[in-house]
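Chain and residue survey
Here are the chains, one letter per residue:
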Amino acid sequence: MQLFIRPEITYFDYKTMLKLSQLSHVLLATLMSVSFAKTVNAEPTATLSVVVNGIDHQKGEICFRVYASEQGFPMSNSSGSQSGCTKITGTSVKKEFSGLKAGTYAVAVVDDQNGDRKLNKDFFGIPQEGFGISKNPTVSIQTGTPKFRDASFVVNKNTTVNIIMKYSLDS
């Protein structure tokens, strides 16, 4: 048996394979540059760590709500950029909120004893559960509910805020 090689076909196949190889390299380089461009242009985010101190019992959970604006602050359960609850395990608890864009935020917390994830108040509007607000502003009948501007802080890198739990209004 004799084998015949046709050089024009071999040359054609080699040339086609070379073009396909070059095309795949160009395509791969393009995809990688687009991928890196998205990574470089991504807006940086930060993690906010909220530490709540002064919890006076060991039952229930502390519910957190992070607000990115004054809308709904501090009472709304539907406003806010992030929220969550943590089971009480001591006199202090910590919760982290990641992926926050640089900006101004405020935090409200509730010592939720009945599991409804909101601050329960009596007929006169006085809290019946523990509560706390970032920057620990005075909360009394005279001062009323704190404003966003009194509780807000800037996040442009990883940040920790400490909140002291209150179980009554300030005098």
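Note that the structure is a prediction, hence the values are computed from the model and not measured. What you see as residue numbers is a count from 1 along each chain, following the sequence as written. With the structure being a predicted model, the display of local features is reserved for residues of pLDDT at least 70 and the display and counting of side-chain atom pairs for 80 or more, all residues being used for whole-chain, interface and lining totals. In computing side-chain properties, one takes all heavy atoms of the structure into account and sets aside hydrogens as well as water.

What follows deals with the nonpolar core. In this description, a nonpolar core means a group of buried Ala, Val, Leu, Ile, Met, Phe, Trp, Tyr and Cys residues linked to one another through side-chain atoms lying within 4.5 Å. Residue burial is assigned from relative accessible area. The probe radius is 1.4 Å, only protein chains are included, and a residue is buried under 20% of its type maximum, exposed over 50%, and partly exposed in between. Counting 20 residues, the largest nonpolar core has Leu 48, Val 50, Val 52, Ile 62, Phe 64, Val 107 and Val 109 as its most contacted members. Going through the elements one at a time, strand S1 (45-53), strand S2 (61-67), strand S4 (92-101), strand S5 (103-112), strand S7 (153-155) and strand S8 (159-164) are the ones with two or more residues in this core. Here, residues are in contact when the closest pair of their heavy atoms is within 4.5 Å. For Val 50, the contacting residues outside a window of four places in its chain are Phe 64, Val 93, Lys 94, Lys 95, Phe 97, Val 107, Val 161 and Ile 163. Counting seven residues, the second-largest nonpolar core is a separate cluster that includes Phe 73, Ala 106, Ala 108 and Ile 133. Comment: elements are numbered from the N terminus, with helices defined as DSSP H or I runs of at least four residues and strands as E runs of at least two.

Before going further, it helps to spend a moment on the layout of surface pockets. Residues are called lining when one of their atoms sits within 4 Å of a cavity or pocket point, these points coming from a 1 Å grid over the protein atoms alone, where a cavity is a set in which a 1.4 Å probe fits but cannot get out and a pocket is an open set with protein on both sides within 12 Å along at least five of seven lines. Grid points are joined across faces, edges and corners, and a volume is the space filled by probe spheres set on the points. Of the pockets and cavities examined, the largest pocket occupies roughly 520 Å³. Every residue lining the largest pocket is counted, 31 residues in all, and those nearest its centre are Pro 74, Met 75, Val 110, Leu 119 and Phe 131. At the level of elements, S2, strand S3 (82-87), S5 and strand S6 (131-133) are the ones that each hand at least two residues to the lining of the largest pocket. Among the elements that take part in the lining of the largest pocket, S2 stands out by supplying four residues, more than any other. Classifying every residue of the lining of the largest pocket by side-chain character gives 18 nonpolar, nine polar and four charged. By the convention adopted, Pro, Cys, Tyr, Trp, Phe, Met, Ile, Leu, Val and Ala count as nonpolar, Lys, Arg, Asp and Glu as charged, and the other residues, Gly among them, as polar.

Another point: the state of the cysteines. In this description, the term disulfide denotes a pair of cysteine sulfurs within 2.5 Å. Counted by the stated rule, this structure contains one disulfide. Disulfide partner of Cys 63: Cys 85, at an S-S distance of 2.1 Å. Residues Cys 63 and Cys 85 are joined through a disulfide that is right-handed, its torsion about the S-S bond being 105°. On the criterion of sequence distance, the pair formed by Cys 63 in strand S2 and Cys 85 in strand S3 is long-range, its members being 22 residues apart.

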